[in-house]
Amino acid sequence: MNFAKITQAAHYVPENVVSNDDLSKIMDTNNEWIYSRTGIKNRHISTGENTSDLATKVVKQLIENSGVDPELIDFIIVATVTPDSMMPSTAARVQAQVGATNAFAYDLTAACSGFVFALSTAEKLISSGAYQRGIVIGAEVFSKVIDWSDRSTAVLFGDGAAGVLLDNSGSQPLIIAEKMQTDGKRGGSLLSSYADIQTPFASVSYEGSNLSMEGRAIFDFAVRDVPKNIQATLEKSDLAAEEIDYYLLHQANSRILDKMAKKLGVTRNKFLQNMQEYGNTSAASIPILLSESVKNGIFSLDGQTKVVLTGFGGGLTWGTAIINL
Ligand code: 4VN
């Protein structure tokens, strides 16, 4: 058996910090409203770097810190809903920038669940024995697709990237249990980046290409469907909720994390949180939290920690992986 293992984690965010007070100067909002309802204080907003630039910085750190020869990387998966372009993929751009000449590379589109879906895929690629070493990144320049005239959504998001290096050196399974879900029927409540039809044969422009979100519907989805998914994954794993060391959930809103902890009967302290500094960075939020936690010494990558990773968002998509870190 080839057990996959996460051997490195890294993150990178644009330098430019935008506070709630900064936003209140360009739209009708204020720090009290944003902070009390979301837990967000700051977000990092790109002043020029695109998604592949952020992802490349993360991959370069992973390569440098591990000392691995870039030519020995077998695959690069970038989870993003804000690619530089559809073709080439963001992952292909990164592959070129880091000299991973033997890696196949592609993007995976699953919004805020993208990192968890991509990690699930990567674990199979390695544990099957087909590949030895790969990289999974969550990277977004969400500020590109924000509707800056909509104060109800513009305040929620930020830019950033993070990811992990995996290889087949594990002595135990990386994923103890997982459950990935999609409900396309509810996809209309979180939309962005339509591709309009403008051809000699037809012209159809969809209403609005920027982000639109039915906030209440998504909030209710997060509170109703996601804890059930975590519970079901815990049951598959034969672990009790309290046997998990840390819960790293998508950083959309701290009020949602409060409700989820309560529903699962888990002490809120086990739900790590950094949206106060980064806002909601979509596919990047879980790996940024993971990388920052390692950097801050909350846990290390020595195989001794049991962690729940749960993403939820556009698609709708949601999913949990319980992992040995
Ligand atoms: C998952 C979630 C959200 C999200 C949804 C609603 C929401 C975040 C609505 C009520 C509002 C405060 C903000 Cl749960 C977004 C995504 C997209 O990544 C994924 N905040 N809010 C209020 O009035 O309290």
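These numbers come from a predicted model, not from an experiment.

Peer 1: I'd like to hear about the pattern of salt bridges, residue by residue, with values.
Peer 2: Applying the stated criterion to the full structure yields eleven salt bridges. For Lys124, the salt bridge is made with Glu178, and the minimal N-O distance between the two is 2.6 Å. Note that Lys124 is positioned in helix 5 (residues 114-127) and Glu178 in strand 8 (residues 175-182), a separation of 54 residues in sequence. For Lys124, a relative accessible area of 39% gives the class partly exposed. Through salt bridges with shared partners, one network takes in Glu123, Lys124 and Glu178.

Peer 1: Explain the nonpolar core to me, using residue names and the numbers behind them.
Peer 2: Residues Ile230, Tyr247, Leu249, Met260, Phe271 and Phe312 are the most contacted members of the largest nonpolar core, which totals 45 residues. Contributions of two or more residues to this core are made by helix 7 (215-237), strand 13 (246-249), helix 8 (254-264), strand 14 (306-313) and strand 15 (317-324). Broken down by element, this core gets its largest block of residues, eight residues, from helix 7. When we break this core down by domain, the ones giving at least three residues each are domain 1 (3-170) and domain 2 (175-324). Among the nonpolar cores identified, the runner-up in size contains 34 residues, and Ala9, Phe75, Val164 and Leu248 belong to it.

Peer 1: Now, about helix 3 (residues 51-66): what can you tell me, with residues and values included?
Peer 2: For helix 3, with 16 residues, the first-to-last C-alpha span of 23 Å sits near the 22 Å given by 1.5 Å per residue. On its buried side, helix 3 packs onto strand 1 (3-12), helix 4 (90-98), strand 6 (133-140) and strand 7 (160-170). Positive phi appears at Gly67, one or two residues downstream of helix 3, with a value of about 75°.

Peer 1: Just give me the short version of the site of the ligand, but keep the residues and values in it.
Peer 2: Among the 17 residues in the neighbourhood of the ligand, the closest are listed as Arg37, Cys112, His250, Ile256 and Asn280. With respect to the ligand, the side chain of Asn253 contributes an N or O atom lying 3.4 Å from a nitrogen atom. Within the side chain of Asn280, an N or O atom sits 2.7 Å from an oxygen atom of the ligand. When the ligand sits alone it has 540 Å² of accessible area, and the protein chains cover 90% of it. Assessed atom by atom at 2 Å from the grid points, the ligand resides in the largest pocket.

Peer 1: Break down the UniProt feature "active site" (unreviewed entry) in the protein for me, citing the residues and quoting the values.
Peer 2: Mapped onto this numbering, the UniProt entry gives "active site" (unreviewed entry) at Cys112, His250 and Asn280. These annotated residues cover 169 residues of sequence, and their C-alpha atoms all fall within 8.9 Å of one another, placing them together at a single site. Filtering the just-named annotated residues for those lining the largest pocket gives Cys112, His250 and Asn280. Summarising the element assignment, Cys112 is placed in the loop between strand 5 (104-108) and helix 5. Take Cys112: its relative accessible area is 8%, and that puts it in the buried class. Beyond its immediate stretch of four places on either side in the chain, Cys112 contacts His250, Ser282, Ala283, Gly311, Phe312 and Gly313. Structurally, Asn280 can be placed in the loop between helix 9 (275-278) and helix 10 (285-295). Note on Asn280: relative accessible area 5%, which makes it buried. Beyond its immediate sequence surroundings of up to four residues, Asn280 is in contact with Ile40, Leu156, Phe157, Gly158, His250, Gln251 and Ala252.

Peer 1: Can you explain the side chain of Thr153? Please cite residues and give values.
Peer 2: On the secondary structure map, Thr153 appears in helix 6 (residues 151-154). A polar atom in the side chain of Thr153 sits 3.0 Å from the side chain of Asp150. In this view, Thr153 contacts Asp147, Leu211 and Met213; residues no more than four positions away in its chain are not counted.

Analysis parameters
- Residues numbered from 1 in each chain as written.
- Predicted model: local features only at pLDDT ≥ 70, side-chain atom pairs only at ≥ 80, totals over all residues.
- Heavy atoms only, no water.
- Salt bridge = Lys/Arg side-chain N within 4 Å of Asp/Glu carboxyl O.
- Helix = DSSP H or I, 4+ residues; strand = E, 2+ residues; numbered from the N terminus.
- Buried < 20%, exposed > 50% of the residue type's maximum accessible area, 1.4 Å probe, protein only.
- Core = buried A, V, L, I, M, F, W, Y, C linked by side-chain atoms within 4.5 Å.
- Domains from an automatic or database assignment.
- Expected span 1.5 Å × (residues − 1).
- Contact = heavy atoms within 4.5 Å.
- Near = heavy atom within 4 Å.
- Polar contact = N/O pair within 3.5 Å; in protein donor to acceptor, adjacent residues only side chain to side chain.
- Areas by Shrake-Rupley, 256 points an atom, 1.4 Å probe, with all protein chains shown as cover.
- 1 Å grid on protein atoms, 1.4 Å probe; cavity = no way out; pocket = protein on both sides within 12 Å on 5 of 7 lines; lining within 4 Å.
- Sits in = over half its atoms within 2 Å of the grid points.
- UniProt positions renumbered as here; feature names shortened; annotations may be inferred.

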